[in-house]
Amino acid sequence: MHPPRALYVEFPLGLPLGKPGDADFQHRVLGAAFALLGEPAGPVLADFPEAIKSEDTEPLQCSVPPRYDPELHPAVDEAQGLRSAHDRAVARNGRTTVGSHVSRDDIPDAIGKFARIAAGEPWDAVGLDGSAGRVGQEIRTYYEELACELADGPAGPWAVERWFYERTQTGKVLLEARRRMRDAGAPQLAWFLLAPASRE
């Protein structure tokens, strides 16, 4: 693209100014970007001297509801128990990005299908098609949107991702389903989007 001035920042996707809620850090980023206007000629590509790495943050601290229905898979039961938190998030924000590939009402059923894959059932026998990766992304979005309703404070970089994959039953199910689908030769788009590539 050859922009005349650009500041490269090594921050998580979605945090172009860096640390949420840290005005001093964000002002340093803006100051570094505006300082590039003083360069006599371009193109100029400068690196911001501070990076935000995934190990800089702990998983989000928020509780997951206790088991309600022992007849259900733990991940399905968990998702149903978290619905009220998601309803609060939607009411507070006035919107949700869940719904392109699976509705909020169908999230537990979709998780159940991934649980069957994680347990060893063939991926193409559970009723998921090539859009499985997109459905998995919407499940993760469901959890990300509701996490802010459960958290004790603002989330740090990657904190919600770490909470989802390391602390929730659904995150663990998606990771195992991803491994099984990949190893079974499922189309890459069906499994690749279920988790970041770094979560192997």
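Residues numbered from 1 in each chain as written. Predicted model: local features only at pLDDT ≥ 70, side-chain atom pairs only at ≥ 80, totals over all residues. Heavy atoms only, no water.

**Q** In this structure, what is going on with the domain arrangement of the protein chain? I would like to understand it.
**A** Examined at the domain level, the protein chain breaks down into domain 1 (5-52) and domain 2 (74-192). For domain 1 versus domain 2, the distance between C-alpha centres works out to 33 Å. (Domains from an automatic or database assignment.)

**Q** I would appreciate a short explanation of the packing of helix 4 (residues 107-118) against helix 7 (residues 169-183) in the present structure.
**A** For any two helices packed against each other, the geometry comes down to the angle between their axes and how far apart the axes lie. Packing of helix 4 against helix 7 leaves a shortest axis separation of 8 Å and a crossing angle of 50°. One finds that helix 4 runs oblique with respect to helix 7. Handedness of the helix 4/helix 7 crossing: left-handed. Contacts between helix 4 and helix 7 involve Ile 111, Phe 114, Ala 115, Ile 117 and Ala 118 from the former and Thr 170, Val 173, Leu 174, Glu 176, Ala 177, Arg 180 and Met 181 from the latter. Its residues placed into classes, the contact of helix 4 with helix 7 shows 9 nonpolar, 1 polar and 2 charged. (Axes fitted to C-alpha atoms, helices over the stretch in contact; angles between N-to-C directions. Helix = DSSP H or I, 4+ residues; strand = E, 2+ residues; numbered from the N terminus. Parallel < 35°, antiparallel > 145°, perpendicular 65-115°, else oblique. Left-handed = near helix turned anticlockwise from the far one by under 90°. Contact = heavy atoms within 4.5 Å. Nonpolar A, V, L, I, M, F, W, Y, C, P; charged D, E, K, R; others polar.)

**Q** Even after reading the chapter, I still don't get the packing of helix 2 (residues 74-81) against helix 4, so can you show me in this structure?
**A** As a packed pair, helix 2 and helix 4 sit with axes 8 Å apart at the nearest point and diverge in direction by 160°. It follows from the interaxial angle that helix 2 and helix 4 lie roughly antiparallel. With respect to the hand of their crossing, helix 2 and helix 4 are arranged in right-handed fashion. Two secondary-structure elements touch here, helix 2 through Ala 75, Val 76, Ala 79 and Gln 80 and helix 4 through Ile 107, Pro 108, Ile 111 and Gly 112. Its residues assigned to classes, the contact of helix 2 with helix 4 comprises 6 nonpolar, 2 polar and no charged.

**Q** Looking at this structure, I do not really get the pattern of salt bridges. What am I missing?
**A** Pairs may arise between side chains of opposite charge once their charged atoms sit close together. By the definition in use, this model includes 15 salt bridges. One salt bridge in this structure joins Glu 121 and Arg 116, with 2.7 Å as the shortest N-O distance. Judged by its relative accessible area of 30%, Glu 121 is partly exposed. For Arg 116, a relative accessible area of 34% corresponds to the partly exposed category. Arg 140 is paired through a salt bridge with Glu 144; the nearest N and O atoms lie 2.8 Å apart. Of this pair, Arg 140 and Glu 144 both sit in helix 5 (residues 132-150), 4 residues apart, which is roughly one turn of that helix. A residue is classified by how much of its surface remains accessible, and Glu 144, at 28% relative accessible area, is partly exposed. The network of salt bridges with shared partners includes Arg 140, Glu 144, Glu 161, Arg 162, Glu 166 and Arg 199. (Salt bridge = Lys/Arg side-chain N within 4 Å of Asp/Glu carboxyl O. Buried < 20%, exposed > 50% of the residue type's maximum accessible area, 1.4 Å probe, protein only.)

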